[in-house]
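Topology and contacts: notes
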Amino acid sequence: MRIGYNTGYDPGGGAFVTEQERFMKEAVRQAKKARALMEVPIGCVIVSEGKIIARGYNRRNTDKNTLSHAELNAIRKASRKLGDWRLEGCTMYVTLEPCQMCAGALVQSRIDEVVIGSMNPKAGCAGSVLNLLEMDGFNHKVKVTRGVLEEECSRMLSDFFRELREEKKKRRAEQKKEESLAAEKAGGEEKNKVR
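Computed from a prediction, not measured in an experiment: that's the story for all the values here.

1. Observations concerning the packing of helix α3 (residues 70-82) against helix α4 (residues 100-109)
- Packing of α3 against α4 brings their axes to within 9 Å, and their N-to-C directions diverge by 25°. Judged by the inter-axis angle, α3 sits roughly parallel to α4. α3 and α4 meet at a crossing whose hand is left-handed. Across from Glu71, Leu72 and Ile75 in α3, the residues of α4 making contact are Met101, Cys102, Ala105 and Leu106.
- By residue class, the composition of the contact of α3 with α4 is 6 nonpolar, no polar and 1 charged.

2. Structural notes on the packing of aromatic side chains
- A complete count under the given rule lists 2 aromatic pairs for this structure.
- Summarising the aromatic geometry, the rings of phenylalanine 23 and tyrosine 93 are spaced 5.2 Å apart at their centres and angled 40° between planes, so their arrangement reads as tilted. Taken together, the residues phenylalanine 23 in helix α1 (residues 19-36) and tyrosine 93 in strand β5 (residues 90-96) connect sequence positions 70 residues apart.
- Centre to centre, the rings of phenylalanine 160 and phenylalanine 161 are 5.2 Å apart; their planes meet at 75°, and the pair counts as edge-to-face.
- Since its relative accessible area comes to 35%, phenylalanine 161 is described here as partly exposed.

3. A word on the confidence of the model for the protein
- A residue-level look at the protein finds 88% of positions with pLDDT of 70 or above and a mean pLDDT of 90.
- Every residue in residues 1-7 scores below 50 in pLDDT, and together they form 14 contacts with partners more than four places removed in sequence or on other chains.

4. Some details on the sheet that holds strand β3 (residues 43-48)
- In spatial order, the strands read β4-β3-β5-β6-β7; together these 5 strands make up an open sheet with mixed pairing. The open sheet has two edge strands, β4 (51-57) and β7 (143-146), and neither has a second partner. Across the sheet, the axes of successive neighbouring strands diverge by a mean angle of 20°, strand direction being ignored.
- Both strand β6 (residues 113-118) and β7 contribute to a ladder of 4 bridges, which runs parallel. Looking at β7, one finds that glutamate 113 is bridged to lysine 143.
- Sheet strands in contact with α3 are β3, β4 and β5, and its direction is about 145° off that of β4.

5. Quick word on the nonpolar core
- The biggest cluster of nonpolar side chains holds 32 residues, and the ones touching the most others in it are Ile46, Met92, Ile111, Val114 and Leu133.
- At the level of secondary structure, the elements contributing two or more residues to this core comprise β3, β4, α3, β5, α4, β6 and α5 (150-194).
- Element by element, the count of residues in this core is highest for α3, at 5 residues.
- By size, the runner-up hydrophobic cluster in this structure holds 13 residues, among which are Phe23, Ala27, Val47 and Leu149.

6. What to know about the pattern of salt bridges
- Scanning all chains against the criterion turns up 12 salt bridges.
- The residue arginine 59 makes a salt bridge to aspartate 63 at a minimum N-O spacing of 2.8 Å.
- What makes arginine 59 partly exposed here is its relative accessible area of 24%.
- The closest approach of N and O atoms between glutamate 113 and lysine 143, which form a salt bridge, is 3.8 Å. Linking glutamate 113 in strand β6 with lysine 143 in strand β7, this pair joins segments that are 30 residues apart in sequence.
- What emerges from the salt-bridge pattern is a single network uniting Glu26, Arg29 and Arg55.

Conventions and cut-offs
- Residues numbered from 1 in each chain as written.
- Predicted model: local features only at pLDDT ≥ 70, side-chain atom pairs only at ≥ 80, totals over all residues.
- Heavy atoms only, no water.
- Axes fitted to C-alpha atoms, helices over the stretch in contact; angles between N-to-C directions.
- Helix = DSSP H or I, 4+ residues; strand = E, 2+ residues; numbered from the N terminus.
- Parallel < 35°, antiparallel > 145°, perpendicular 65-115°, else oblique.
- Left-handed = near helix turned anticlockwise from the far one by under 90°.
- Contact = heavy atoms within 4.5 Å.
- Nonpolar A, V, L, I, M, F, W, Y, C, P; charged D, E, K, R; others polar.
- Phe/Tyr/Trp six-rings, centres within 6.5 Å; stacked < 30°, edge-to-face > 60°.
- Buried < 20%, exposed > 50% of the residue type's maximum accessible area, 1.4 Å probe, protein only.
- pLDDT = per-residue confidence, 0-100.
- Pairing = 2+ DSSP bridges.
- Core = buried A, V, L, I, M, F, W, Y, C linked by side-chain atoms within 4.5 Å.
- Salt bridge = Lys/Arg side-chain N within 4 Å of Asp/Glu carboxyl O.

What follows is the structure in structure tokens.
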């Protein structure tokens with residue numbers, strides 16, 4: 001049994017989990033909603049006073065909107081719920097390190113803390129490429145906790161991209177086969193015209 005602050009029983013896993021793990025599991029559930037839409041599986045929740053007040057998941061392709069990241073969707077909902085754009089006293093749990101747009105929105109929202117599952121070495125702005133959340137020059141810094149349920153969050157993303165690559169490879173092979181059959185058919189028709 002792992003010991004952490006505010007431990008509780010996880011009915012899905014049958015083990016004791018920390019409060020951070022419990023909320024990250026909720027973020028993972030949101031990421032699975034994105035996955036069901038064939039979106040990159042990124043999810044998050046925003047917590048205030050120990051309760052989830054907003055949820056969000058990636059919907060960029062579904063909404064055909066660059067701004068439809070999990071974090072921005074959740075920030076919008078949390079602000080509506082609290083009746084304020086300031087999310088002071090709140091914590092976001094997100095499965096993937098925020099990009100520059102989302103990190104900027106988190107700083108602007110005055111959120112207290114961001115808990116991250118998996119880091120994003122190619123585009124993350126909470127320590128990987130940049131660290132906008134803890135930058136000295138801004139009027140607000142966001143506390144960052146990294147690596148909560150990291151393996152589960154990372155695996156979900158790598159499985160998604162592996163399946164995407166396999167599907168793309170399969171489609172290319174089918175396309176080549178169709179092109180080859182069309183070329184054969186065209187070649188056969190040319191021979192018949194000559195006779």
